[in-house]
Every structure is written in structure tokens, then in C-alpha cells.
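Analysis of the macromolecular model
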Amino acid sequence: MMFRQLEPAGGMGQFTARISTLRDEVARRGALALQPRPQGVRGPKWQALLGELRTPVEHWKATRQPMRQDEPPVHSCPVMLLPGFGTHPMRMRPLARALEAAGHRVSDWGLGFNMGATEDRFKRLCERVVAMARKEGEPLVLVGWSLGGLFAREVAKAHPEAVRMVVTMGTPFSGDRRANNAWRAYQLIAGHSVDTPPIGTDLATKPPVPTVAIWSPRDGIVSARSACGRRGERDLAVALRCTHLGFAAHPDVAVMLKRLLTDC
């Protein structure tokens, strides 16, 4: 009888401990999100941030323009698309369809929503890239949007034998990691500082494979300087006039990717 009476108390104690742990974690993440931005560091202006709302309209207008004739690829390339922070691979499906129509073999990163960098997620991604390269019989082209581009660059550093080329799109790999309008949301959700991501801390160092940085002067999320990079941090920088959200599906992005893959 006494044991039965103690069970609810024990259960309530465990519940209280869990609530306390959850409260502490929420407070810790909240403190990360409220950290001050370093003096002199800025993300895109608020006008550019509001401009991200025009993304669907821009896509619609672009699809009504005459289709450009692209040169056929020299050969079919295996391509892996890596989504941006907080997004699912389905957001990049329009790019996948365009590349598949051009004859390339396209896959996604296979890890669902990209909710931030973790050691486990990075390890699983490395294993997937190596396995896919072995299956394809040749290295992959990694195309990473925003945070996905950081994953792509670090995978290429860890396994250059499995990566033919890295293409980043609006990826903040250069300069201060708070030169964007998403770092607070990232720290809140991912639970760690942008200064100490578990996939590597030397993010600006160029991978030992051809590396292309696609950036936009109209990006409302990531600073153009951060996404463009400096000489030596990437091999080629290409400017496109689209929003940050537009990198996932804008027809002009698909055209540029097909051009980059022509001689892959």
C-alpha cells in the first residue's frame, strides 16, 4: 500500500524535474537569441528583408518569360541538393526538376528538415555523400542553399574524394557570422552559437574542390559580402538578382546551375 502511495509522488517529481529542465533550456536558448550583434556588423537592410515577400511574384514573372536555350551537358552529373535552414528538401524540388530535365541525376540530402547543424546530422550526411558517390561511380556535385551550403563545404573538406564541386547559394560562409538577419532565430532553434557550429569553425576556408558562390545583391537574409566571399575562399562568385528565398526555385538559378554543370 505504501509503495502504491509513493508512485504518484515519484511520478510528479519526475514531471517537475522535466519541466525545470525544459524551462532552463528555453532560458538558455532565449539568451542565445538575445545576444547583441557585434558593433559594425550588419545584415541586409529592412527594405531588402521585406523584399523577400516578393519571391512568389518574381517566380511567376520569370516563368512567363521565354525559355532560354541551354547547351546540353557534356555528361550527366550526380547532384545532391541541400536545403536551407528551417526548410525541407521539397522546397528545392523545382531546381531538381530543372536539373533532371537537363539529364542530371538529382537526389536530396535525405535528412528531412534542416533545423541546424549537429554532429549526428553532419556524420549522417557525410556517410550519405560517400555512399552515393560510391553508388554513382563518381564524385557528387553538392548544391547547398544557405545553411545547406555550409554543410556542403564542410563535407567537401572531410571527403574531397566524394565531391566533384560545391555550389553555394546565399550561404554565409565569409566574414562575421552575424552579418545576416537569421542568426538569432538560428541560435534559438539550433541551441548553439553561430560561432561554434558542430560541423567546423573555420567555415571561410575553401574546400579542396572547385567551389562556386552564387549570391544576390537583393538578398534580404544574408549579407551579400558574406555570401559572395573573398578571393581565396571560393573559386568563382556569380551574382544573380533574386531574393534569398528565391534561390530555392527561381528559374534563373536553375539556368545558372545547368551552365555550371555543363562541363562538370
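None of these values were measured; they are calculated from a predicted model.

Counting buried residues in strand β5 (residues 211-215) gives five out of five residues, a clear majority hidden from the surface. Considered for its hand, the β-α-β crossover made up of strand β4 (residues 163-169), helix α7 (residues 183-190) and β5 is right-handed. Of the pairings in the sheet, the one linking β5 to strand β6 (residues 236-239) comprises four bridges and is parallel in character. Residue pairing in the sheet places W215 in a bridge with A239 of β6.

Take the confidence of the model for the protein chain next. Looking at the protein chain, pLDDT values average 89 and 91% of them are 70 or higher. A low-confidence stretch, residues 1-7 (pLDDT under 50), is modelled with zero contacts involving residues beyond four sequence positions or located in other chains.

Overall, parallel pairing links the six strands, which are arranged β2-β1-β3-β4-β5-β6 in an open sheet. The outermost strands of the open sheet, each flanked by one partner alone, are β2 (105-108) and β6. Between one strand axis and the next, the sheet turns by 20 degrees as a mean value, whatever way the strands run. Across the face of the sheet, helix α9 (residues 251-260) comes into contact with β3 (140-145), β4, β5 and β6 while running at roughly 155 degrees to β4.

Conventions adopted
Residues numbered from 1 in each chain as written. Predicted model: local features only at pLDDT ≥ 70, side-chain atom pairs only at ≥ 80, totals over all residues. Heavy atoms only, no water. Buried < 20%, exposed > 50% of the residue type's maximum accessible area, 1.4 Å probe, protein only. Helix = DSSP H or I, 4+ residues; strand = E, 2+ residues; numbered from the N terminus. Right-handed = clockwise from strand over helix to strand, strands pointing away. Pairing = 2+ DSSP bridges. pLDDT = per-residue confidence, 0-100. Contact = heavy atoms within 4.5 Å. Axes fitted to C-alpha atoms, helices over the stretch in contact; angles between N-to-C directions.

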